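In case you want the letters, here they are:
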Amino acid sequence: MGRLGMRSGAAAGVLLAAALSPARAAAQAWNTPDALALVERGIERREEAQADSALRSYHTSAHGFVFFLAQIGERLSGPPRLIKADELKVEVYWQAPDRSKQIIRAWRDGRYLPTGISYHRDHLGIVTNNFGDLIRIGEGDEVRDAVHPLSPAGRDAYDFALGDSLAIRGPRGEVRVREMLVRPRSFDRPLVVGTLYLDAATAELVRFRFSFTAPAYIDRQLEGIDVVLENSLQEGRFWLPYRQEIEIRRRAAWLDFPVRWTIRGRWEIGDYDLDAPIPPEVLAGPAYGGLRRPQPDDSSWGRPLAAAIADEAPPINREELGSLRTEVQQLAGERALDALPSTQLAAGSLSDVVHVNRVQGLALGAGARIGLAGRRLRLKPSLGFGTSDDRVTGGLAVEADVGATTLAARAERRVRDFSDRRVIAPAVNSLLAQEAGKDYGDYVLLDDLAAEVRARLSPRLTGGVELAIERSRSLDVTATPASGTYRPNPALGAGTYRIARLRLERQGGGVAVGHDLDARLALEAGDGPTSYLRAAAGLRGRVPLGRTALLAWADGGIGSDGLPAYRSFVLGGRGTLVGEPFRAYGGRSYALAHLEWRVDVPVPELALGSFASTGRSVTLA
């Protein structure tokens, strides 16, 4: 017990350090003479480059991928899953002072889950001029007229702080740069938050990593947009686009529901032809021309799309955008950066609103998310009622985000299945419980008071420490199904415990066609009618095999002699050991492994309105 307490204390120290990192950002020396002098040089050099007549035009090519991904689940903690992937080849023309044309010459796509999404045209091309003085994204429908930090108006709009001196490796070798942190003087204006990397010798913009303030977003469903622009030196003089990444995240505006939709683009630009003559007809018409839709019969690609995406997955998973979000959150501190309404209805899943089980019968619930406008502070009240047991459930949670760390407190009463592993979708369980008397849950009533710290320790690693007082009570069957008979609900109540929990979770990369590995570890110590220790861990991995894949996972857990019944482990039947009686095995320790071979089989696609379809394949496992 003492040893676990020491480990928990060490982990708490790590999380506390993560929580204090925004304070360190806040203590940064802003607007020092050296910082402002370098920014002034950067602004002047940018204006000189725009007026420089030495570069009259260029022609280059861009190769890019655009991914459409989805995340779903509690706290959106799982990795994003790939729904659609597009690969494009684009010809890029630019002419002084600021005219450009991009022509899509080759375009193919693959759909891995049903969707009918279509993109803004500027999502299918690159940024040719570092966005100019005013930044627009999504053809002005997503971001419009956010002031660039190195524009003349940026002098008075932003605070600047010098960071480290770094060496950035590009296609022409290493470049020494000075890091410059950027934050708005007012978060009530459409501005950016991020980091500039300026050439130490010339103050040219080499790299720009940034996100936006909430007022910059036109679309109120936008949770955030992150951008990385990298330039390379051409002919020893001109800094032109070399690599670009963008991630656009959306959620529902009226409902706080754990679903996130993401567009992620990654582009490589090269083979510049400087001062190439550009016929006037090339620049005529819209800024984006060429193909209007993917060409599935195009045989000019050198390899299958799945192989191209698998090769692209490692650079996507280098965590560039994840680390950018962490930096931006630290710079923003407690200020909210999303465009979502501060007050929303809330539900963790459809079953939070309505579900059926044998201890509550038909249970109804409602929740809300009430945020302090402009701040990352939220109240989350919830209320539920069981029509068979007449029991009221619900509670109140308070959450505050400070940088990449979340501080939370809650007081609640809830009815929950005691197992760590969900074996059936809640909606399916409700249907089977109501109509056939088959309820795949064993329930305990929990009253708890808890405080928690959750922190992103790295772009893929998250951790949490929780201290709680928890009272568990047994529940009886009170409902009657339409047919069949409910089995008894086991006695799981164990009284009141003081509990400390430590959780660590490593997320996979989320590009579903590549190698992937998820891992989790949960340690727990409790003291009450008994004293106990509990540990649980899990691994989940995926390995592609040509057009098929192997999926494997393993779980295990162990508890001490004093482990209360509602914290024990259980196996058998649906979701664990198919063919065995449901939850026939239970106790203080377990281990379970699973291996699956998956094959995607093509099927005819059927349209389901303008934005969805049945998809082009099903998965056999």
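Residues numbered from 1 in each chain as written. Predicted model: local features only at pLDDT ≥ 70, side-chain atom pairs only at ≥ 80, totals over all residues. Heavy atoms only, no water.

A. How the structure looks around the overall build of the chain. Summing up its helical and strand segments, the chain has seven helices and 30 strands in all. Sorting the 621 residues of the chain into buried and exposed places 49% on the buried side. Of the contacts formed within the chain by residues at least 6 apart in sequence, a portion of 63% connects residues at least 24 apart. For the chain, the exposed surface amounts to about 28500 Å²; the carbon and sulfur share of it is 56%. (Helix = DSSP H or I, 4+ residues; strand = E, 2+ residues; numbered from the N terminus. Buried < 20%, exposed > 50% of the residue type's maximum accessible area, 1.4 Å probe, protein only. Contact = heavy atoms within 4.5 Å. Areas by Shrake-Rupley, 256 points an atom, 1.4 Å probe, with all protein chains shown as cover.)

B. Structural view of the side chain of D389. Following the sequence through the fold, D389 ends up in the loop between β18 (377-386) and β19 (392-402). We classify D389 as buried; its relative accessible area is 17%. Within the local environment of D389, its side chain forms a polar contact with the side chain of R391, the two groups lying 2.8 Å apart. (Polar contact = N/O pair within 3.5 Å; in protein donor to acceptor, adjacent residues only side chain to side chain.)

C. Local environment of the confidence of the model for the chain. Within the chain, residue pLDDT values average 87, and 89% of them lie at 70 or more. Scored below 50 in pLDDT, residues 1-24 makes 29 contacts in the model with residues more than four places away or belonging to other chains. Throughout residues 314-318 the model reports pLDDT below 50, and contacts reaching past four residues in sequence, or to other chains, amount to nine contacts. (pLDDT = per-residue confidence, 0-100.)

D. Region of the structure containing the pattern of salt bridges. Scanning the model with the defined rule gives 58 salt bridges in all. Among the salt bridges present, the one from R266 reaches E245, with a minimum N-O distance of 3.9 Å. With a gap of 21 residues between them, R266 in strand β13 (residues 259-274) and E245 in strand β11 (residues 238-250) connect regions that are remote in the sequence. When sorted by exposure, R266 lands in the same class as E245, which is buried. (Salt bridge = Lys/Arg side-chain N within 4 Å of Asp/Glu carboxyl O.)

E. Focus on the environment of A427. Within the secondary structure layout, A427 lies in helix α7 (residues 426-436). What makes A427 partly exposed here is its relative accessible area of 48%. Each C-alpha atom of the pair A427 and V356 lies 8.6 Å from the other, and the pair is 71 residues apart in sequence.

F. Here's a closer look at the sheet that holds β13. Strand order in the open sheet made by the eleven strands is β6-β7-β8-β9-β10-β11-β13-β1-β2-β3-β14, with mixed pairing throughout. The strands lining the two open edges of the sheet, one partner per strand, are β6 (158-170) and β14 (288-290). Taken pair by pair, the neighbouring strands of this sheet meet at an average axis angle of 20°, ignoring direction. As defined by bridge partners, strand β2 (residues 81-95) adjoins strand β3 (residues 99-111) across twelve bridges and the pair is classed as antiparallel. (Pairing = 2+ DSSP bridges. Axes fitted to C-alpha atoms, helices over the stretch in contact; angles between N-to-C directions.)

G. Inspection of the side chain of T213 at higher detail. Relative to the helices and strands, T213 is located in the loop between β9 (205-212) and β10 (222-234). Relative accessible area serves as the criterion here: at 0%, T213 is assigned to the buried category. Separated by 2.6 Å, the side chain of T213 and the backbone oxygen of R189 make a polar contact. Among residues more than four places away in sequence, those in contact with T213 are P184, F187, R189, P190, L191, V193 and L337.

H. Broad picture of unusual backbone geometry. Between A96 and P97 the backbone carries a cis peptide bond, its omega angle lying at 5°. Assignment of secondary structure puts P97 in the loop between β2 and β3. The phi torsion at E139 lies on the positive side, around 55°, for a residue other than glycine. Within the secondary structure, E139 is located in the loop between β4 (134-137) and β5 (143-147).

I. Geometry of α7. Along α7, the residues that are buried comprise N429, S430 and A433. Relative to the axis of α7, the buried residues are bounded by an arc of 100° and lie together on one face. Residues of α7 that are buried in the fold lie against β16 (354-357) and β21 (443-456). Residue G437 follows α7 closely and has a positive phi angle near 70°. (Arc of directions from axis to C-beta.)

J. The packing of aromatic side chains, seen in detail. The final tally for this structure, using the stated rule, is twelve aromatic pairs. Centre to centre, the rings of F68 and W261 are 5.9 Å apart; their planes meet at 20°, and the pair counts as stacked. With F68 in strand β1 (residues 57-72) and W261 in strand β13, the pair connects residues that are 193 residues apart, well separated along the chain. By relative accessible area, which is 8% here, F68 ends up buried. For W261, a relative accessible area of 41% puts it in the partly exposed group. (Phe/Tyr/Trp six-rings, centres within 6.5 Å; stacked < 30°, edge-to-face > 60°.)

K. Quick peek at helix α2 (residues 33-51). When the terminal C-alpha atoms of α2 are compared, their 27 Å separation across 19 residues agrees well with the 27 Å that a helix rising 1.5 Å per residue should span. Looking at the buried side of α2, the elements it contacts are α3 (154-157), β6, β7 (173-184) and β8 (192-199). (Expected span 1.5 Å × (residues − 1).)

L. View of the pairing of β11. The buried fraction of β11 is high, at 13 of 13 residues. Strand direction decides the pairing type here: β10 and β11, joined by twelve bridges, are antiparallel. Across the sheet, Q234 pairs through a bridge with F238, a residue of β11. Hairpin remark: β10 followed by β11, antiparallel, with three residues in the connecting loop; positive phi at E235, about 55°.

M. Molecular detail of the pairing of strand β20 (residues 405-417). Two elements, β19 and β20, share nine bridges in a ladder whose sense is antiparallel. Counterpart to G394 in the pairing with β20 is R413. The loop that links β19 with its antiparallel partner β20 comprises two residues; one of these, G403, has a positive phi angle of about 60°. Pairing between β20 and β21: 13 bridges, direction antiparallel. If you follow R413 over to β21, its bridge partner there is D447.

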